[in-house]
Each structure stands twice: as C-alpha cells, then as structure tokens.
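# Coordinate inspection notes
Here are the chains, one letter per residue:
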Amino acid sequence: MNQSEISHTLNQQQLQGVTTTEGPVLILAGAGSGKTRVLTHRVAYLIEQGVEPWQIMAITFTNKAAGEMRDRVDRIVGHGAEQVWVATFHSTCVRILRRYADRIGYDTNFSIYDADDSKTCMKEVCKQLNIDTKKIREKRILGVISSAKDEMINEEEFAYRNEHDFMMKPFISAYREYQSRLRSNNAFDFDDLLLKTVELLKQDPEVLNYYQNRFRYVMVDEYQDTNTVQFELVRLLANGHKNLCVVGDDDQSIYKFRGANIHNILNFEQHFGEYDPTVIRLEQNYRSTKKILEAANSVIRNNEGRKEKTLWTENDEGEKIRFRQFDSAYEEAEFVAMDIRSQKRRGNFDFKDCAVLYRTNAQSRILEEKLIQENIPYRIVGGVNFYARKEIKDVLAYLKTVDNGDDDLSVQRIINVPKRGIGATSIGKVTDYARENEISFYAALLTASEIPTLGKAAARITPFVRFIEDLRKSR
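Residues numbered from 1 in each chain as written. Predicted model: local features only at pLDDT ≥ 70, side-chain atom pairs only at ≥ 80, totals over all residues. Heavy atoms only, no water.

The next subject is the overall build of the chain. Looking only at helices and strands, the chain has 22 helices and 8 strands in total. The principal-axis extent of the C-alpha atoms belonging to the chain is close to 80 × 65 × 55 Å. Per-residue burial for the chain yields a buried fraction of 46% across its 475 residues. Summarising the internal contacts of the chain: among those between residues at least 6 apart in sequence, 72% fall at separations of at least 24. Here the chain contributes 68 positive and 70 negative side-chain charges, whose respective centroids are spaced 5 Å apart. (Helix = DSSP H or I, 4+ residues; strand = E, 2+ residues; numbered from the N terminus. Buried < 20%, exposed > 50% of the residue type's maximum accessible area, 1.4 Å probe, protein only. Contact = heavy atoms within 4.5 Å. Lys, Arg positive; Asp, Glu negative; His and termini not counted. Charge placed at Lys NZ, Arg CZ, Asp CG, Glu CD.)

Here it is, written out as structure tokens:
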C-alpha cells in the first residue's frame, strides 16, 4: 500500500502518522480520531516500503484490541501479515520467556498464576509466617507487591527501601517468601511476566541483541496507560533501531490506580529527545456529534499537566446532553429503568436498542432489581470470565500438573478432583514432608508410601500419581 493509495482514505494528520516511520514518534490520538486505522495502515505502509513483516512489532493492552488489530492488518496487508508481531504486553513477555526463561534460572515450561492462584499462594505464605490476615488482608499484601513490581522493585530492593519501617516488616517477609514459592514452583504471576522479561533483557546481552535486531519498528497502543516496567520493556526493545511509534491520549489516562504512569506520555519528548522525536496530533473526531465534543472539550481543558489538543468534527450538531444527579444508587437505577420504560411506551425505540454502562460489576445488582420490577428484559454482558470458571481452572490445573510437576498449587487443586478421599489433613502431611525434604509437593506424592504420617491415606494417593504419570507418557 503506497502513499497515493492511503492518502484517499486518511486525513492529513493520519497520513503523517502512517508515513513518518523513522525515529521516535508520538501520536496524540483523541477519542474517535482513527488511531487504530493509523496503526494498521502504518504496518501496511512499512511492508510496502520493503520492511519484512517479522521486523514489525505492535503491542496493545488487551487481547481484544490485539485481535482487532490482527484482523485489520490481515485484511489490509494480506499475504505475510501473520508474521507481524501483534500481541499484548503480557503475551509478548510470555513468548520471550518461553524461549529464554532458562537464562534466568527457570524452566521454559513454567506455570502462570492468575489472581486466584496468587491469592491461594499468599494465604499459605501468611499462614507460614504467622501474619494475621484479619489485620492485613492477602489482597492488600499482593497489591503492595504488585505496585513494587510495576516500579521494577524486586523483593531484595523492596526490603532495602523499607528496612527501617516497622509497619512494612510483614510485607517484606511476605514478598520474599511469595517469590521464593513462585520460583520453587517454577511459576510466574502476571507482574513477573513483565518484570522477569526486563530482567532477562538487561542481564543477557545476547537475548537483548536478538530482539533489538529483529524488531526494526516497534509500535505501542494506549501508551498513556503504560507503567514503569512496561516503559522499560518498550525502551529496551526499541533501542536497537530507535524506530518507536507510540499512540495514546493523556486525557484518557484513567489507570493510575493500576500503576499507569502518565509521565511516560507527557515526557516522551524528554525521554527520547536525543533522537529528535516527532509529535503528531489527531484531533478530528469521526465518532461523536458536535454537542458531545463541545462538552468533552469543556471538561478536559481543565486538566492540569496535559498536552494541548482540541477535538473537532464534521458530524452533525446532535442532541443536547442530558445530565441528572442523584442522592443514591437506588434513585439512579430507578430513573434508568423508568426512562427506558417511558421511551419504549412512546415508541421512540425498543428495549434491544438500549444499553446501560456502569463502572463496576457491583453496580449491576441494583440496576437488575429495578429492571425486573419494571418487567424490562435485559442481558448482562460480561460476567464470570471463561478462565475463572471452576471446571476450566480444574482442567488447566491438570494440564499444568502434567507439564510442570513443580507447580504445587495446581497439584493441590486437583489431587481430590474428582473426589478420591484425599482430605486436607493428608495434603497437609504431604506438604510438611515436602518442605522438610526441600522437594516439590508432587515429588513427595511420588514417594507417598515412604511418608510415615500418611498411613493408609498413601494408598489413595497412588492412583492419582499413576494417572498423572500415564498422561505424561502419552504427551
């Protein structure tokens, strides 16, 4: 796709974002300004200019965004598009670690702990360290650890920074023991995927050079939501050819509570100043009416420490925005239900034409109650994540156990699923034996008949071990 072809479908600023390929580029993309269009056409343009598809990396934040970008790239580029690296931060790190985790002391068949796995692990840590979880919740400890990892602070650095703070002592010991258990289980949590990849790239020049040479062009979407460790990962990968293109909007940064560092986008020119960065503003909105943009601009311009931009559109004026304030969530839900009922009764639209957006899942209960009272049919979009369902987690635990016997959490999860008569007492005895002998839980199961405290329970463990070993042989 050459410049003359894409100029017919892009405005001047979008075209500049597509064709400015060399050096650091910051594309400030307001809401509805076509940033995904720019990124996908940029990929196509690079390939048209002779860049090999496998030399292009595009990083997004969610699997959905990565999937959408992948689909668009496939449609525009066609043959060879599958070689473009389009992935989330976490999946990018998984791919790197699956290949090189052994360089930092892990096996490449490591397990990945989700939030539930991490909480289970932390419960065991707190029990071992006699941390009162009624005073300090496991969730709070994990939150502190996660924040530290976002800032690239490992357990030893964390201990050094907080050694004189008496209130932090439980967090210091919990962080150390938590990481020790992850390592002995050959496992990473989500934060480790990023942190350990950065550690790998910094510690192993061979691996760093490989990826720097491979990726001549690196692009990052939603750059305003990156945290410190993500910034460092991007910097390391792009430092080979210096062709880094980031797309984002500081006015849409809402994830500070999850570690997002707004200064990554605000200080982009300073971070990469020696390479003469280019700043491009996408200000034409294709999604909203003039009324909506007028209101949005009026609110946004009051933000402090922002990069100046003003969205505009050629769309119609549109209807006026209605604003209502309520004293309680019940009044709000009642208004929503009554308004939908009223609009339906007047024939303005049908129930299927309505959508109610809310910020947290906890808000849905009150809305559901009011919709039921008004006899309004509804469907909740979302709910329990597929991989969070018990049966799915059980199956995954079996697969992890077959692949990585060092993952104690997975083995313990399914040792009595389905019921085998192996209770908590027996599991506790095996755990104690494993800890005393410094072996994994599964390794202890292999020698269950030699654990004196188990008694007759050892006979119930043997069929489980035989089953897992049979599965391993059939891989």
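Time to look at the sheet that holds strand β8 (residues 278-282). Backbone hydrogen bonds hold the strands of a sheet together, and the pairing may be parallel or antiparallel. Taken in spatial order, the 6 strands of this open sheet run β3-β2-β6-β7-β1-β8, and their pairing is parallel. The strands lining the two open edges of the sheet, one partner per strand, are β3 (85-88) and β8. Taking each pair of neighbouring strands and ignoring which way they run, the sheet shows an average axis angle of 15°. Note: strand β1 (residues 25-29) against strand β7 (residues 244-248), 4 bridges, orientation parallel. Paired with Ile27 across the two strands is Val247, which belongs to β7. (Pairing = 2+ DSSP bridges. Axes fitted to C-alpha atoms, helices over the stretch in contact; angles between N-to-C directions.)

Taken as a whole and judged by the stated rule, the model has 0 disulfides. As a non-bridged cysteine, Cys93 has Cys245 as the owner of its nearest cysteine sulfur, 20 Å distant. Take Cys93: its relative accessible area is 0%, and that puts it in the buried class. (Disulfide = S-S within 2.5 Å.)

Under the counting rule described, the total for this entry stands at 29 salt bridges. A salt bridge links Arg70 to Asp74; its shortest N-O distance comes to 3.7 Å. Taken together, the residues Arg70 and Asp74, both in helix α4 (residues 63-77) and 4 residues apart, mark about one turn of the helix. Glu177 serves as the salt-bridge partner of Arg181, at 3.1 Å between the closest nitrogen and oxygen. With Arg181 and Glu177 both in helix α9 (residues 169-184) and 4 residues apart, this pair spans about one turn of that helix. Classification of Glu177 as buried rests on a relative accessible area of 17%. Residues joined by salt bridges that share partners form a network here, namely Asp249, Asp250, Asp251, Arg306, Glu308 and Lys309. (Salt bridge = Lys/Arg side-chain N within 4 Å of Asp/Glu carboxyl O.)

Counting through the fold element by element, Asn185 comes out in the loop between α9 and β5 (187-189). Side-chain polar atoms of Asn185 contact the side chain of Tyr113, separated by 3.0 Å. Each residue touching Asn185, except ones within four places of it in the same chain, is listed here: Tyr113, Asn404, Asp406, Asp407, Asp408 and Leu409. (Polar contact = N/O pair within 3.5 Å; in protein donor to acceptor, adjacent residues only side chain to side chain.)

What follows covers the environment of Tyr211. Take Tyr211: it is sitting in helix α11 (residues 205-214). In this structure, the C-alpha to C-alpha distance between Tyr211 and Asn239, residues 28 residues apart in sequence, is 10 Å. Among residues more than four places away in sequence, those in contact with Tyr211 are Trp85, Ile96, Arg99, Tyr100, Leu201 and Leu237.

Our next topic: helix α18 (residues 390-403). Since the α-helix packs 3.6 residues into each turn, any two residues three or four apart lie on the same face. Along its 14 residues, α18 runs 20 Å from first to last C-alpha, staying within 8% of the 20 Å computed at 1.5 Å per residue. Looking at the buried residues of α18, the elements they touch are α6 (115-129), α19 (408-414) and α22 (458-473). (Expected span 1.5 Å × (residues − 1).)

Leu97, Leu201, Tyr211, Val220, Tyr223, Leu233 and Leu244 are the most contacted members of the largest nonpolar core, which has 42 residues in total. Element by element, the count of residues in this core is highest for helix α12 (residues 228-238), at 7 residues. Ignoring any residue separated from it by four or fewer positions in sequence, one finds Val220 in contact with Ile59, Phe89, Thr226, Val234, Leu244, Cys245, Val246 and Val247. Counting residues in each nonpolar core, the second largest holds 27 residues, with Val25, Ala81, Tyr217 and Val247 among its members. (Core = buried A, V, L, I, M, F, W, Y, C linked by side-chain atoms within 4.5 Å.)

Further remarks concern the environment of Thr108. Relative to the helices and strands, Thr108 is located in the loop between α5 (89-100) and β4 (111-113). Contacts of Thr108, omitting those with residues within four sequence positions, involve Leu97, Arg98, Arg99, Ala101 and Asp102.

Attention now moves to the pairing of strand β2 (residues 56-60). Of all 5 residues making up β2, 5 are buried, and the element is well covered by its neighbours. Neither face of β2 is exposed, since Ile56, Ala58 and Thr60 on one face and Met57 and Ile59 on the opposite face are all buried. Across 4 bridges, the pairing between β2 and strand β6 (residues 217-220) is parallel. Of the residues in β6, the one forming a bridge with Ile59 is Val220. Pairing between β2 and β3: 4 bridges, direction parallel. Residue Ala58 lies in a different strand from β3, and its bridge partner there is Val86. In the classification by handedness, the crossover that spans β2, the intervening α4 and the parallel β3 is right-handed. (Right-handed = clockwise from strand over helix to strand, strands pointing away.)

Among the surface-exposed residues, Lys119, Lys123, Lys134, Arg137 and Lys139 lie close enough to one another that they form a single positively charged patch. Looking at where Lys123 falls in the secondary structure, it is placed in helix α6. Residue Lys123 is classed as partly exposed on the basis of its relative accessible area of 45%. (Patch = residues over 30% accessible without salt bridge, like charges linked within 9 Å, V, L, I, M, F, W, Y side chains within 5 Å. Areas by Shrake-Rupley, 256 points an atom, 1.4 Å probe, with all protein chains shown as cover.)

Turning to the packing of aromatic side chains, a few remarks are in order. Counted under the stated rule, the structure contains 16 aromatic pairs. Feature note: the residues Trp85, Tyr100, Tyr210, Tyr211 and Phe215 constitute an aromatic cluster, connected by ring pairs. For the cation-ring pair, Arg95 lies above Trp85, with the distance from its terminal atom to the ring centre recorded as 3.6 Å. Over the ring of Phe110 we find Arg98; its NZ or CZ atom is 3.8 Å from the centre of that ring. (Phe/Tyr/Trp six-rings, centres within 6.5 Å; stacked < 30°, edge-to-face > 60°. Lys NZ or Arg CZ within 6 Å of the ring centre and 35° of its normal.)

This next bit is on unusual backbone geometry. A cis amide bond, omega 0°, links Val417 with the succeeding residue Pro418. Relative to the elements of secondary structure, Pro418 occurs in the loop between α19 and α20 (424-437). A positive phi angle is found at Asn186, which is not glycine, with a value near 50°. Relative to the helices and strands, Asn186 resides in the loop between α9 and β5. You can call Asn186 buried: its relative accessible area is 4%. The phi dihedral of Glu438 falls on the positive side, at around 55°, and the residue is not glycine. With respect to the helices, strands and loops of the structure, Glu438 is situated in the loop between α20 and α21 (441-446).

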